[in-house]
Amino acid sequence: MAMESKGVVHMKGDSTQSIAVEVFTDGDTFRLSSAGEVIGEWSVDGMGIQALQEGFSIRAEGEDLILKTDNDVALSEELGLMTSSPRLARKMAASHNVEG
């Protein structure tokens, strides 16, 4: 299964330079593009990703990025993240609640 979303990304420690991005992952590959150009593509196995209170901290090929997406729950599930922030855990639980 694959996941696509929109979001914003900036270098860790510099939130003044945010870039609007499209996010794609199929569980093996993680790609960020902006204005139709790929700005980063990494193997999921070769990157570090951690859920933050809002968004994700990503370490890949020496870059430290902060990513916020329109669908943090789908990204977390697609990447198989086992830990999450309390906010993301609540959103994930709510997305799976099915009313009888």
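Residues numbered from 1 in each chain as written. Predicted model: local features only at pLDDT ≥ 70, side-chain atom pairs only at ≥ 80, totals over all residues. Heavy atoms only, no water.

## What about the overall build of the chain?
For clarity, the threshold we go by: Each helix is a run of DSSP H or I of at least 4 residues and each strand a run of E of at least 2, with the numbering of both proceeding from the N terminus. Relative accessibility under 20% of the residue-type maximum defines a buried residue, over 50% an exposed one, and the middle range a partly exposed one, all with a 1.4 Å probe and only protein chains included. Contact between two residues is taken to exist if any of their heavy atoms lie within 4.5 Å; hydrogens are not considered. Surface exposure here means Shrake-Rupley accessible area, sampled with a 1.4 Å probe, where a residue is shielded only by the protein chains that are shown.
Scanning the chain for helices and strands turns up two helices and seven strands. Out of the 100 residues belonging to the chain, those deemed buried represent 38%. In the chain, the proportion of contacts linking residues at least 24 apart, taken out of those at least 6 apart, comes to 37%. Roughly 6100 Å² of accessible area belongs to the chain as shown, and the carbon and sulfur atoms make up 48% of that amount.

## Concerning the pairing of strand β5 (residues 48-51)
What counts here: Two strands form a pair only when DSSP identifies at least two bridges running between them.
In this sheet, strand β6 (residues 56-60) lies alongside β5 in antiparallel orientation, the contact comprising four bridges. Its bridge partner being in β6, G48 is matched across the sheet by R59. Joining the antiparallel neighbours β5 and β6 is a turn of four residues, in which G55 adopts a positive phi near 95°.

## Considerations on the environment of S43
Tracing the sequence through the fold places S43 in strand β4 (residues 37-43). Remark: the alpha-carbon pair of S43 and T25, spanning 18 residues in sequence, is separated by 9.6 Å.

## Some points on the confidence of the model for the chain
Defined as follows: The predictor rates its confidence in each residue with pLDDT, a number between 0 and 100.
Chain-level pLDDT for the chain is 83 on average; 81% of the residues reach the 70-or-more range. Strand β2 (residues 19-25) holds the highest mean pLDDT among the elements of the chain, 95, whereas helix α2 (residues 86-96) holds the lowest, 56.

## Considerations on the nonpolar core
Generally speaking, soluble globular proteins have nonpolar side chains that are buried together. Convention followed: Think of a nonpolar core as a cluster: buried Ala, Val, Leu, Ile, Met, Phe, Trp, Tyr and Cys residues, connected wherever their side-chain atoms sit within 4.5 Å.
If you look at the biggest cluster of nonpolar residues, it comprises 18 residues, and the most contacted ones within it are V23, F30, L32, W42, I58, L67 and L75. Sequence-distant contacts of L32, that is, excluding residues within four places in its chain, are made with V9, V21, E22, V23, E37, V38, I39, G40, W42, L65 and L67.

## A look at the pairing of strand β7 (residues 63-69)
Regular strands have side chains that alternate between both faces of the sheet. Bridge analysis of strand β1 (residues 3-11) against β7 gives five bridges, and the strand direction is antiparallel. Bridge pairing in β7 places G7 opposite T69. Direction of pairing for β6 relative to β7: antiparallel, over a ladder of five bridges. For F56, the partnering residue across the bridge sits in β7 and is L67.

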